[in-house]
Amino acid sequence: MNTSFIENTFEQKVPMWDDAEQMQTIHNLTHTIKTDSRVPKLGVMLVGLGGNNGSTFTAGILANKLKTTWETKQGMQKPNFYGSFTQSATAHLGYRHDKKTGKLQDVYKPITEIMPMVNPVDFVISGWDINSRNLFQAAKNAHVLEPTLVNALQKELEAIVPLPSILNQEFIAANQSDRVNNVFVGSNQECIDKIRKDIQDMKKKVDKVIVLWTANTEMYMLPEMVDIDDLQSRIGRNVSMSASVLFCVACIEEGVMYLNGSPQNTFHPAIVQYAKEKGTFIAGSDFKSGQTRFKTIMSDYLIGSGIRLSSVVSYNHLGNNDGKNL
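Calculation criteria
- Here the residue numbers are simple positions, counted from 1 along each chain's written sequence.
- Local features in this predicted model are restricted to residues of pLDDT 70 or higher, and side-chain atom pairs are both shown and tallied only at a pLDDT of 80 or more, whereas totals for entire chains, interfaces and linings draw on every residue.
- Calculation of side-chain values draws on the structure's entire complement of heavy atoms; hydrogens and water are dropped beforehand.
- Between the N-to-C directions of two axes lies an angle of 0 to 180 degrees, each axis being a line fitted to C-alpha atoms and, for a helix, fitted only over the stretch in contact.
- Numbering of helices and strands runs from the N terminus; a helix is a DSSP stretch of H or I covering at least four residues, while a strand is a stretch of E covering at least two.
- Angle categories: roughly parallel below 35 degrees, roughly antiparallel above 145, roughly perpendicular from 65 to 115, and oblique for all the rest.
- Left-handed describes a crossing whose near helix is turned anticlockwise from the far helix by less than a right angle; the clockwise case is right-handed.
- Here, two residues are considered to be in contact whenever any of their heavy atoms come within 4.5 Å of each other.
- Should a side-chain nitrogen of Lys or Arg be within 4 Å of a carboxyl oxygen of Asp or Glu, the pair is scored as a salt bridge.
- Burial classification: accessible surface area is computed with a 1.4 Å probe over protein chains only, and a residue below 20% of its type maximum counts as buried, one above 50% as exposed, and the rest as partly exposed.
- At least two bridges found by DSSP between two strands is the condition for calling them paired.
- Joining through side-chain atoms within 4.5 Å is the link that ties buried Ala, Val, Leu, Ile, Met, Phe, Trp, Tyr and Cys residues into a set, and such a set is a nonpolar core.

(A) Expanded view of the packing of helix H7 (residues 188–203) against helix H9 (residues 243–254). In contact at an axis separation of 9 Å, H7 and H9 are set at 50 degrees when each is read in the N-to-C sense. The angle between the axes of H7 and H9 places the two elements in the oblique class. Between H7 and H9 lies a crossing whose hand is right-handed. From H7, Asn188, Cys191, Ile192, Ile195, Arg196, Ile199, Gln200 and Lys203 reach across to H9, where they touch Leu246, Phe247, Val249, Ala250, Cys251, Glu253 and Glu254.

(B) Up close: the pattern of salt bridges. Under the criterion given, the structure shown has nine salt bridges. In this structure, Asp129 engages Arg179 in a salt bridge whose closest nitrogen and oxygen atoms are separated by 3.3 Å. In this pair, Asp129 is assigned in strand E8 (residues 124–129) and Arg179 in the loop between strand E9 (163–164) and H7, connecting sequence segments 50 residues apart. As far as burial versus exposure is concerned, Asp129 and Arg179 are alike and both buried. The partner of Asp201 in a salt bridge is Lys197, and the shortest N-O contact between them spans 3.0 Å. On the criterion of helical spacing, the pair formed by Asp201 and Lys197 is a turn pair, its members being four residues apart in helix H7. Take Lys197: its relative accessible area is 42%, and that puts it in the partly exposed class. Among the charged side chains, a salt-bridge network with shared partners connects Arg196, Lys203, Glu253 and Glu254.

(C) Structural view of the sheet that holds strand E3 (residues 42–47). The strand order E9-E8-E3-E10-E11-E12 describes an open sheet built from six strands, whose pairing is parallel. Whereas interior strands pair on both sides, the edge strands pair on one side only; in this sheet they are E9 and strand E12 (282–283). Sheet contacts for helix H1 (residues 52–66): E3 and E8; angle to E3, the most-contacted strand, approximately 155 degrees. The sheet contacts of H7 involve E3, E8, E9 and strand E10 (208–213), and relative to E8 the element is tilted by about 165 degrees.

(D) Main features of the nonpolar core. Residues Ile199, Val211 and Leu231 are the most contacted members of the largest nonpolar core, which totals 36 residues. At the level of elements, E3, H7, E10, helix H8 (228–236), H9 and helix H10 (269–278) are the ones that each hand at least two residues to this core. With nine residues, H9 is the largest single contributor of residues to this core. Counting residues in each nonpolar core, the second largest holds 22 residues, with Leu46, Leu135, Ala139 and Leu157 among its members.

(E) Geometry of unusual backbone geometry. Cis rather than trans, the peptide bond between Leu222 and Pro223 has omega equal to -5 degrees. Here Pro223 lies in the loop between E10 and H8. Positive phi is not limited to glycine here, since His143 has a value of about 60 degrees. Tracing the backbone through its elements, the reader meets His143 in the loop between helix H4 (135–142) and helix H5 (147–152).

So, in structure tokens, the structure goes:
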């Protein structure tokens, strides 16, 4: 047995309909979950590295890594991972018998102590952007972080420069054209090969790579691709395709996880089929799905309570040009 893996096996009783005997029977299914216990050196590659999300994410990781402090109107601030599920949350493991009181006490453990996982400060960060400014300039342009923090990280942020990205202007707002000065131009297949080469270069530095789309939200790509043959045909015929789909295909072929942070239809049926065929994980539909769901639920609740709403307003400080797009 490979000691670098933890295996857990459990059985599940599942009711199934037996067409031959026209009756419902109970079947036992056995599941084995294998978890790699080795903590890899992780490369995180962001599509839209120089945007509001990418620059803020990177600065936040660096601030925690370097334990950078900065001055605000409220005084000196220290970096932390509050709000991070893996770094701040705990899980209930069971109960402990208190000898003094004779009662059972709840036992909780931080998520980081339950499962082997990468410390965010050890991330190797890279990625692509349609603009060539380094991350210090990008963070200044984003106007999200305190200037004192950005200035304190200037040396580290200036060392990170986005790789040339790919862009299909048909799928994002035309008013983004003034940012475009760092784009690779080629056929669909050439763009996929270019992205794969960038991922391969990252693989030489780390043990594992994940790719996160944090760029502008694209317009829906229609009609959707229904199967793998349709996907490969459109790539081969150089049919106009959204950048997110080309990035996703490259990730699938490289066997790296692709996380989608925008509400666009990147995951066509053909893309899902292709990921299954290659055994690659894809996930995500939007960074702000929780916010949207909460507003929907609360609106229904308030209206049902007889309260008339005049407007619903939220603050999206990491919009990455969403406001400009809208």
